[in-house]
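Each chain is listed here by its residues.
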Amino acid sequence: MSLGRFRSPVVTSRTRVERSEAVLVEQYGSLVRLAYLVLPASAGRHRRILTAHSVVQRALPGAGGTAPRTPRVPAPRRGPASSAPETADLRNELRAVVLRAALGRGRWPRRHPASPGLLPALPIVIGLRLLPRSGSSEDMTVARLLASEQPATRGAYVLRHMDRLPEPDVLEVLRAAGAEDPEGAVRKADRLRLDVGGTRDADSVSPGPSELDACTVWAQPTDLLRRRRRIRVAGAALLAGAVTATALVVLRDTPRSASEQPASAPAPHLLRRTAPETWADTSRVDFTAWPARGDRTRDDELLGRALETWRRPARTAADAALAPGTPADPPPRSPQLLYAGEVDGQAVVLLHDGLRLARYSEAVGAGDRAPALSVARADEADVTTAAAVTLTADGATARYLLAPWIAEAGSRDLLRPDRAAAPLDVSATGVTEPVPVAPAGAGCERRPVLQLRSSSRIVEDHAFLVADLGGLSPTHLTYTPLPGGGTPPARQPREATGTAALTAWSRLACDLGGRPDAPVRAVNLWDFAEQRLPRGGGRAVWSCSRAVTWRGDGDVSVHLRTEGRTAARPVAREDDTAACSRFGQHVVAGTRWRSPEGDWYVLAAGSRAVTSLGVTGDVRAEAGGRTVARRAARDAEFAVTGRLRTGETLPALPAARPDANAP
């Protein structure tokens, strides 16, 4: 039977129905996972879990409803000796039914996706909220990447790289389910698998207690305090119990967006508050360990306005800013309160939901300025990236709220590495005095950064630098010295507080800036090669700086630091690459350079594992080792390639710009 043909929804063979039921029971977990990951994330995790189970339970005729057209998927080719000729066919048919229902979620605005009739949606959960169990960081990475893709791409990813179906079978299931552009969905799913491969092979993902599994879940009560108050209403206990039971029915047939669900509306009294000393007695030192601080943490009116603005910013006329790559979902019922207080004439509220930071601010007293809301990702933060949050900023200065584990705070200028950090005054609630920030525009008179030191209660003598690059959380700066420099050998980034690190950063500070499309989480400066330049040019150092966003992608820039120049000059640049990271540990770069005597050269260098370099084009050179210097015309065109210890070849990173810089 050709693709696009469908059999009748009424199955006449009792044997086939029994076989289909057996296959559904056998494949129940993977089918639920398929439905859960294809359903729109905007519905919320609780609703997606219940809807996924309902979709799968209704995949069989007679199970409470069937999709109007049950797709008939051609069976895979089998030999004459196959003992179960229908099993694979039935599995793919069930996958297609489930996928069609999940893809149709947005096309049935008033009914359950798997049941357009009048029968109630199943299952029904009263008084509980179901959530997937927290998985590993790799599982969370997969879940986040999938959430940003189209439903058909998510379905193709699950079928191809979780259920491990051959590509022809995936295409057949997608076509039978009515997916648009099945071939394009498979291509995007394969590219997505490569993105995930940096953390873990996507083929190793399996159903289990993780963000990807809708069968192993946490169960939490919906609102115990409200239920208890209603029960206590004298003379109306029976009525209150009925009203409470009705209010606690979480799953309804009408699919509304998360921002319209009263059951998910947060309330000030439900905000989570961490005990003040938790940070000193936990192995998870991040935003979850922050206590609630500030002089307005009990101001329910202020907290209510902050929550409502985060939930529905358009209705509150707030000046809302969502950092690129940050989920736009409304807050959960109980985000964590980090701060609520008055700073520089503004009432500021800082909230954290486990994945995002939200900063709400409004003018204190009379004023017609609209409230402001900023939301940005903060998942997988640690002792350094959760060390500070920007509370207020006026373009010239900023105030920061420091983590409770910060024992010392100072401000220093990256352009002046020989000057010590100036101590900062910090209030009892953790708010710093106004701190200078880098001026906007092309000038580079100063590059202020914070130098912080953690308390000895969590780590011994740990000082580090963070720079305000425009995000809610300042960016962590690190440094990796030349190979063989320091003890232990330089293979991992270290804090940029030593003399060598500060000197290196002072040469690149003017190029330090944020990304316009995503806040930067950390920047590491890696000195990967040094070279003696010809014609009395002195010593040169090749460095690669890698800026990593909260999404996980990174941009790299290669610079050359030479004697006689205050600032390093850019050599190469590449965006959205794994180069200069633990997943791209080898790098090659080349540039033009003019000697002090006016002669032009082609310079090239490679990182630790490079054994030889080759230059082709208008200039040709072959050299064993990690550096090359060959005399050339000023406008010579060339390409550089390195050879690794493994025998592989590695092309140079793309040039930053046509280079005609003098030394």
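Everything quoted here is computed from the prediction, not taken from an experiment.

## A word on the sheet that holds strand β8 (residues 388-393)
Then comes step 1: With antiparallel pairing, 3 strands are arranged side by side in an open sheet as β8-β9-β12. Each edge of the sheet is formed by a strand with only one pairing partner; in this case those strands are β8 and β12 (435-436).
Then comes step 2: Alignment of β8 against strand β9 (residues 397-402), held across 5 bridges, turns out to be antiparallel. The residue bridging Thr390 from the neighbouring strand is Tyr400, located in β9.

## Things to note about helix α3 (residues 45-57)
Then comes step 1: In this model α3 runs 18 Å from its N-terminal to its C-terminal C-alpha over 13 residues, within 8% of the 18 Å that 1.5 Å per residue would give.
Then comes step 2: Burial within α3 is extensive, with 11 of its 13 residues counted as buried.
Then comes step 3: Taken residue by residue, α3 has His46, Arg47, Arg48, Ile49, Leu50, Thr51, Ala52, His53, Ser54, Val55 and Val56 as its buried positions.

## Quick look at unusual backbone geometry
Then comes step 1: If you check the backbone angles, Asp344 has positive phi at about 50 degrees while not being a glycine.
Then comes step 2: Along the chain, the position of Asp344 falls in the loop between β4 (336-343) and β5 (346-352).
Then comes step 3: Positive phi is not limited to glycine here, since Glu380 has a value of about 60 degrees.
Then comes step 4: For Glu380, the location among the structural elements is in the loop between β7 (372-377) and β8.

## Considering the side chain of His476
Then comes step 1: Considering the arrangement of structural elements, one finds His476 in strand β15 (residues 475-480).
Then comes step 2: Residue classification places His476 among the buried residues on the basis of a relative accessible area of 9%.
Then comes step 3: Here Glu495 takes part through its side chain, which lies 2.8 Å from a polar atom of the side chain of His476.

Here is what the cut-offs are and how they apply
- Residues numbered from 1 in each chain as written.
- Predicted model: local features only at pLDDT ≥ 70, side-chain atom pairs only at ≥ 80, totals over all residues.
- Heavy atoms only, no water.
- Pairing = 2+ DSSP bridges.
- Helix = DSSP H or I, 4+ residues; strand = E, 2+ residues; numbered from the N terminus.
- Expected span 1.5 Å × (residues − 1).
- Buried < 20%, exposed > 50% of the residue type's maximum accessible area, 1.4 Å probe, protein only.
- Polar contact = N/O pair within 3.5 Å; in protein donor to acceptor, adjacent residues only side chain to side chain.

Shape is all these values report; function is a separate question.
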